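Structural overview for review
For reference, the chains in residue letters:
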Amino acid sequence: MPKVKPRVKSVKDLTELRKRLRSSVKNFKSKLTICGGTGCHASRSQDVIDAFKKELKKRKLEEGVWVRATGCHGFCEQGPLMILEPGNIFYCGLKPGDAGEIIAETILKGEVIERLLYTDPVTSKKVRTEAEIPFYRAQDRQLLAQNRHVDPCSIEDYIAIGGYSALAKTLTEFSPEKVIEEVKISGLRGRGGGGFPTARKWAECRSAPGEEKYVICNADEGDPGAYMDRSILEGNPHLVIEGMMIGAWAIGARQGYIYVRNEYPLAVKHARIAMQQAREYGLLGDDILGGGFSFDMEICRGGGAFVCGESTALMASLEGKVGEPRPKDVHTVANGLWHKPTTLNNVETWANVPPIISNGAAWFAGKGTRGSKGTKIFALTGRVKNTGLVEVAMGTPLRTIVFDIGGGAINGRAVKAVQTGGPSGGCLPLDRLDLPVDFDALYDAGSMVGSGGIVVMDEKTCMVDVAKYFLAFLQDESCGKCVPCRLGIDRMLEIVTDITEGRGRPEQIDLLKELADTVASASLCGLGKTAPNPVLSTLRYFPEEYEAHVNEKRCPAGVCRELIEYEIDAEKCNGCGTCRRACPYDAIKGKKKEAHVIASHKCQKCGICLSECKFDSIIVT
Amino acid sequence: MSVLTLESILKGRRSQPHQLIEVLHDVQERYRHIPEEDMRIVSRELGVPLIEVYRVANFYKAFSLKPRGRNVITICTGTACHVRGSNLLSNQVLGQLGISPGDTTEDGQFTLEQVNCLGACALGPVVVLNGTYYKHMTPSKLRSLINSVNEKGIEDTDDAKGKTKGKKRQRSH
Amino acid sequence: MRKYVTLKIDGAGIRAPKGSSVLDVAIEYGICIPHLCHVPNLSDIGACRLCIVENIVNGRSKITTSCTLGVEEGMVILSNTERIKKLRRNIAELLVAQAPNSRAIQDVAVRCGVKEVRYPFRNNDCVLCGRCVRVCEEMWQARAIGFVGRGKDRRVDFPFGVRPDFCKKCGSCIYLCPMTITPCDGPMKPGKEYLCGKCESQLSMASGAMEDTCVWCELGKGFSVHDMVINERLLLFMMISMPISPSSTLPKHFFPLTAYPVSYSGSAAHDQGENCFLRPIVPVF
């Protein structure tokens, strides 16, 4: 790799740099790609990476083996994982101690270590390469696949695989209007939840009067259960930067901001490094690639507020104020950050722009449905076997995602519901899983594509409790400015809490529906407007659960504490005492080897004993 | 708090009201909370009305006005972690240390925070202790983790990960 | 050279100066739109959501607050459809359940057609309308109080909870607050929470005079179709004939009847301006 970074002053310089980088990489005998994304990081992948580096140094193999830590590969459940080339061998569940063995067997002798390979859950056979794994097979990994090939802290990697060529093409071949036209033909719609046609937003901003314009990347990703944006920003920050630059060229902006939520320190770090490296190469700053285009960027951290994902609140936060939304009668494309025309798009939206320019709009529009084009990344989580990041073409049925890719529910239970779209979305029951992931189809069914979180729920999940969970979340995150959201969500939560605690009355269900309509129609911002969706969708698809809670004072899933009792089945209990030791409230008594008893007046039904008991002796009624 | 350190945080940011949140982040990182006196200085130096500084410090979860404990336990309460039982972990802390989210133990050892999604959803339930992520947490693992901090004052990393379940505790270093 | 635009509110064609909000225009022309957080000469934040109207754009109706909606050429506004009335009623119901111990809030609720309150009463002493905050910030630029906290913990407070020395105790905040004027005669007692019958508005409601409209003002039923454009000179006439002074909080002859291009079936007892939203129930500057 070049030590002194030459400034790339023209497209020709860039092309030559790319050739040089590609040829320098060919000299490595083996290449190891270890996932350093969020999930694997939590599985201590850094220790694995360090172990490899240490072992290679010990054996003096550093010159022939290239070790690279990359962003998220998507299959978080199986981490830490790595891919070995040549051979494209996929190893998972790694520990630092495996480093030596892998080097000795696979790198030096070319032999595959069976126990580290992935086992196909259906055939029970070992699988060698990533492409054969069912989790990956059904996906269309346009964006995520790139994560494998780049070290996020190395701009050279990104340039070597073709990075910034879309920018070069834009500056030399496309006028701003043509860029907008390309994006329009591609049919790209916002990936942050709104699904607004991106080209229309850009066109409006371009035509808004004013010299000073801004582009913003919304990396706030507040939806719980969603981490796609984090993985893109952490794993491939240059893709986002390039996308923003193309957008800025189209709109006429010279300054850009990436607003990252405070809970993503690694994303902030990688994006900062990426910007710095781009500046060193002259890819950010004045007269980029000699095309007369000047542009620079800044990173801003959020403060920990879900409402700052809303565009006007985000802009207020960028201005150093509290994140309170303002009415959008005048759109932010005309009057946004510091009252200047501003284009705000989600991380994934920006990330889709360079491929559209490079491969052409028709390529993008060739995937997906009539109203929703291209691919979308989803975060598949919850009570499903294979959790992780999934990228599929729009229009794929939910069933494919949950069962073919996700492998169905864990512990052999049945899937009861699938929640999409985060706190703004809704829960869909099992019989609606043939719905395609399409903006309009899910919206009509009472849910949303949203930012892409898909949470799978099984029969042990109480849907009324889920509604309560989301209402509590929104109540906590509401800014509190307008009456319908602040008081309306509060009262809805009060009613649903009454229902889960056994005080529900039938007329409250009607009141809940009426209140939900008021909150949805009269709130100031998107948070309030979509707040009733979880309640309304659970009422629509699971009315029998509400009825059980209200009329029979019973929780069918066995979750709502006031409606259940914990008991120990004396016949199954063998007196091991695990539950007695685990109970934080001292509610279980019993002698060793004798059946234990739960004192119901002390029992808080927290569920800890149930999760610890290995003999299935605790029953919930 | 020393005026000198606040000086280094404010350097290059004077009279720039939009830097307020970044400045408060730095103060929070350095001192584990935002003291009243600092808010007054920041208000003056950045040119932001005092009430605005106070508002921003109260609005965002990242900032605390009361000092946090030496060890911060952050439990993720996102949807995926919730569905996998993150409330069991909150209950565990309540039972073991007697604190609710937002509270600090009397000896200043632990603070419990709840966060609405850390972005590690596939490995829920997730707990972060002093910046280190722990995946697939259960109440018993959390119990061991807290105990390991209690007993040694600093983390014993092997035990904390619960890897020594059933095995004898080894003095690793 | 002031620019004017023509728009339709409830069927009436109105010429309004560009830059004014729909609510301002409506009030000037005697179209009754309930509001709480709006105060003339202070900025509008759209917090109470009572002034919502339907803005018909491209055949679709968008519900938005009229205090933040700037007038534009060719706008079509409906301020009193069934949907709007129902939404307003629900919002007012939420407000009165939150802070029933204020006559002003009770009046607002009754005038928006609230017949029953289906939520348990809480005894809050602030509805977070923001009048106090805005007057302190915009009128006096003292900024001694502000909204602190988020969501249900939102409250109006001094910095650090202590009155700063740059608060000069002018009293504007107290003066404008809907909670502090004319305290309720029948204070809420635990176990006896109900809308007491001592409010005069309550009496009219008990007599069953009105349906879901603003209690007194028949204008709230909407204009009968009679397109007439009110021009600048008539507007000037209206303004001259209004006695406006900061100290007079109860202007009696606010809106001369002759300005209205409508024929309405008002009752003889209609005392135009007495209890209508056109005469604010809470004081203004």
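Since we're looking at a predicted model, the values are computed, not measured.

Thresholds, definitions, all that
- The numbers attached to residues start from 1 for each chain and follow its sequence in the written order.
- By the order in which they are written, chains take letters starting at A while ligands take numbers starting at 1.
- Local features in this predicted model are restricted to residues whose pLDDT is 70 or higher, and side-chain atom pairs enter the listing and the counts only when it is 80 or higher, whereas totals over whole chains, interfaces and linings include all residues.
- Only heavy atoms go into the side-chain values, all of them from the structure, while hydrogens and water stay out.
- A run of H or I in DSSP becomes a helix once it reaches four residues, and a run of E becomes a strand once it reaches two; helices and strands are each numbered from the N terminus.
- Here the term buried applies to any residue with accessible area under 20% of the maximum for its type, exposed to any over 50%, and partly exposed to those in between, with areas from a 1.4 Å probe on protein chains only.
- A contact between two residues is defined here by any heavy atoms of the two lying within 4.5 Å.
- Note on areas: Shrake-Rupley, 1.4 Å probe, and residue coverage restricted to the protein chains presented here.
- With axes taken as lines fitted to C-alpha atoms, and helix axes fitted only over the stretch in contact, angles between N-to-C directions fall between 0 and 180 degrees.
- Between 65 and 115 degrees an angle is taken as roughly perpendicular, under 35 as roughly parallel, over 145 as roughly antiparallel, and anywhere else as oblique.
- Just so you know the grouping, Ala, Val, Leu, Ile, Met, Phe, Trp, Tyr, Cys and Pro go in nonpolar, Asp, Glu, Lys and Arg go in charged, and all remaining residues, Gly too, go in polar.
- When two parts are brought into contact, each loses some accessible area as probed by a 1.4 Å sphere; the total of that loss over both is the buried area.
- Throughout this description, a polar contact denotes any pair of N or O atoms lying within 3.5 Å of each other; where both atoms belong to protein, one of them has to be capable of donating a hydrogen while the other can accept it, and for residues adjacent in sequence the pair is counted only when both atoms sit in side chains.
- The pairing criterion is simple: DSSP has to find at least two bridges between the two strands.

With respect to the overall build of chain C
For chain C, the helix and strand inventory stands at seven helices and seven strands. Shown N-terminal to C-terminal, the secondary structure of chain C runs as helices and strands in the order β-β-α-β-β-β-α-α-α-β-β-α-α-α. Here chain C holds 285 residues, and 54% of them are scored as buried. The long-range share in chain C, meaning contacts at least 24 apart out of those at least 6 apart in sequence, stands at 61%. Accessible surface, chain C: about 13400 Å² in total, of which carbon and sulfur atoms supply 56%.

Description of the packing of helix H11 (residues 237–251) of chain A against helix H14 (residues 347–359) of chain A
Residues and elements named next belong to chain A. Their axes nearest at 7 Å, the elements H11 and H14 cross at an angle of 75 degrees. Considering the angle they form, H11 stands roughly perpendicular to H14. In this structure, H11 contributes Leu239, Val240, Glu242, Gly243, Met244, Ile246 and Gly247 to the contact, and H14 contributes Val347, Trp350, Ala351, Val353, Pro354, Pro355 and Ile357. Considering only residue class, the contact of H11 with H14 consists of 11 nonpolar, two polar and one charged.

Digging into the interface of chain A and chain B
The interface of chain A with chain B comprises 65 residues on the first partner and 44 residues on the second. Buried area between chain A and chain B, summed over both chains or domains, comes out near 4300 Å², and the portion from carbon and sulfur atoms is 53%. The interface formed by chain A and chain B holds 22 residue pairs in polar contact (both at pLDDT 80 or more) in total. Those elements that place two or more of their residues in the side of chain A that touches chain B are helix H2 (38–42), strand E10 (293–301), helix H13 (311–318), strand E12 (375–382), strand E16 (453–458), helix H18 (463–477), helix H24 (578–582) and helix H25 (608–612) of chain A. With six residues, H18(A) is the single largest residue contributor to the side of chain A that touches chain B. For the side of chain A that touches chain B, a count of residues per class yields 26 nonpolar, 20 polar and 19 charged.

Description of the pairing of strand E11 (residues 342–346) of chain A
Residue and element names in this part refer to chain A. Taking burial as the measure, the five residues of E11 include five buried ones, the bulk of the element. Burial along E11 is two-sided: Thr342, Leu344 and Asn346 facing one way and Thr343 and Asn345 facing the other are all buried. The pairing of strand E7 (residues 214–219) with E11 spans five bridges and is parallel. For Cys217, the partnering residue across the bridge sits in E11 and is Asn345.

Comments concerning the sheet that holds strand E4 (residues 60–65) of chain C
All names here are of chain C. Across the sheet, five strands lie side by side as E2-E1-E5-E3-E4; this open sheet has mixed pairing. Edge positions in the open sheet fall to strand E2 (12–17) and E4, since each of these has one partner strand only. Within the sheet, the average angular offset between the axes of one strand and its neighbour, ignoring direction, is 35 degrees. As paired elements, strand E3 (residues 52–57) and strand E5 (residues 76–78) share two bridges and run antiparallel to each other. Looking across to E5, one finds that Asn55 is bridged to Ile77. Together, E3, E4 and E5 form the strand contacts of helix H2 (residues 82–98), whose direction differs from that of E3 by roughly 150 degrees.

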